[in-house]
Amino acid sequence: EYAKRISPAIEFWDNMYKTVRGNDEKTDYIRWACLHNIVQAYYWMDDFDMAREYAFKMSEVPINSSQSRRLLNMIEDTVLRLNRVGVKSQHIDLRRLNKFV
């Protein structure tokens, strides 16, 4: 459900990222912000490969490289924790829990 709802936003930010060109701080910041939004969206969809791919692109933009490293670390930490406990998602389907409550 979330993936369906967020896909238009991802497409918007991806198109914006691809069309904004220039070598000044303003265009760099716009491109960085587009990538940041895409990383966050994929992260919350549990699509860690895509989140990682866009975080690497984000690290190539000369704006706030510490934030892109923080996001990459967050992605890797989440993947390690999920693998450790043997689940694929960081989200709990509350509808499935109702039968236990």
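Peer 1: Teacher, can you tell me more about the pattern of salt bridges here?
Peer 2: Oppositely charged side chains are able to pair whenever their charged atoms sit close together. Per the counting criterion, the structure on display carries five salt bridges. Among the salt bridges present, the one from Asp-14 reaches Lys-18, with a minimum N-O distance of 3.0 Å. You can see Asp-14 and its partner Lys-18 sitting in helix α1 (residues 2–19), four residues apart, about one turn around the helix. Arg-52 is the salt-bridge partner of Asp-49, the closest N and O atoms lying 3.0 Å from each other. Note that Asp-49 and Arg-52 are positioned in helix α3 (residues 48–60) at a spacing of three residues, about one turn of the helix. Looking at Asp-49, the relative accessible area reads 56%, which means it is exposed. Linked through salt bridges whose partners overlap, the residues forming this network are Asp-49, Arg-52 and Glu-76.

Peer 1: When you look at the packing of aromatic side chains in this model, what are you seeing that I'm missing?
Peer 2: Within a pair of aromatic rings, the relevant descriptors are the distance that separates the centres and the angle that separates the planes. Per the stated rule, a full pass over the model turns up five aromatic pairs. Measuring from centroid to centroid gives 5.2 Å for Tyr-43 and Trp-44, while their planes differ by 85 degrees, and the two rings are edge-to-face. Its relative accessible area of 5% is what places Tyr-43 among the buried residues. Residue Trp-44 is classed as partly exposed on the basis of its relative accessible area of 41%. For the pair Tyr-43 and Phe-48, a centre-to-centre distance of 5.8 Å together with 70 degrees between the ring planes defines the contact as edge-to-face. According to the relative accessible area criterion, Phe-48 is buried, its value standing at 10%.

Peer 1: What should I look at first to understand helix α2 (residues 25–44) in this one?
Peer 2: Working note: α-helix, 3.6 residues per turn, so residues spaced by three or four point in the same direction. Taking 1.5 Å per residue as the helical rise, α2 with its 20 residues ought to reach 28 Å, and the 28 Å between its terminal C-alpha atoms agrees with that figure. If you check the start of α2, you find a side-chain oxygen 3.2 Å away from the backbone N of Lys-26, and it comes from Asp-24. Phi turns positive one or two residues past the end of α2, at Asp-46, with a value near 65 degrees.

Calculation rules
Residues numbered from 1 in each chain as written. Predicted model: local features only at pLDDT ≥ 70, side-chain atom pairs only at ≥ 80, totals over all residues. Heavy atoms only, no water. Salt bridge = Lys/Arg side-chain N within 4 Å of Asp/Glu carboxyl O. Helix = DSSP H or I, 4+ residues; strand = E, 2+ residues; numbered from the N terminus. Buried < 20%, exposed > 50% of the residue type's maximum accessible area, 1.4 Å probe, protein only. Phe/Tyr/Trp six-rings, centres within 6.5 Å; stacked < 30°, edge-to-face > 60°. Expected span 1.5 Å × (residues − 1). Polar contact = N/O pair within 3.5 Å; in protein donor to acceptor, adjacent residues only side chain to side chain.

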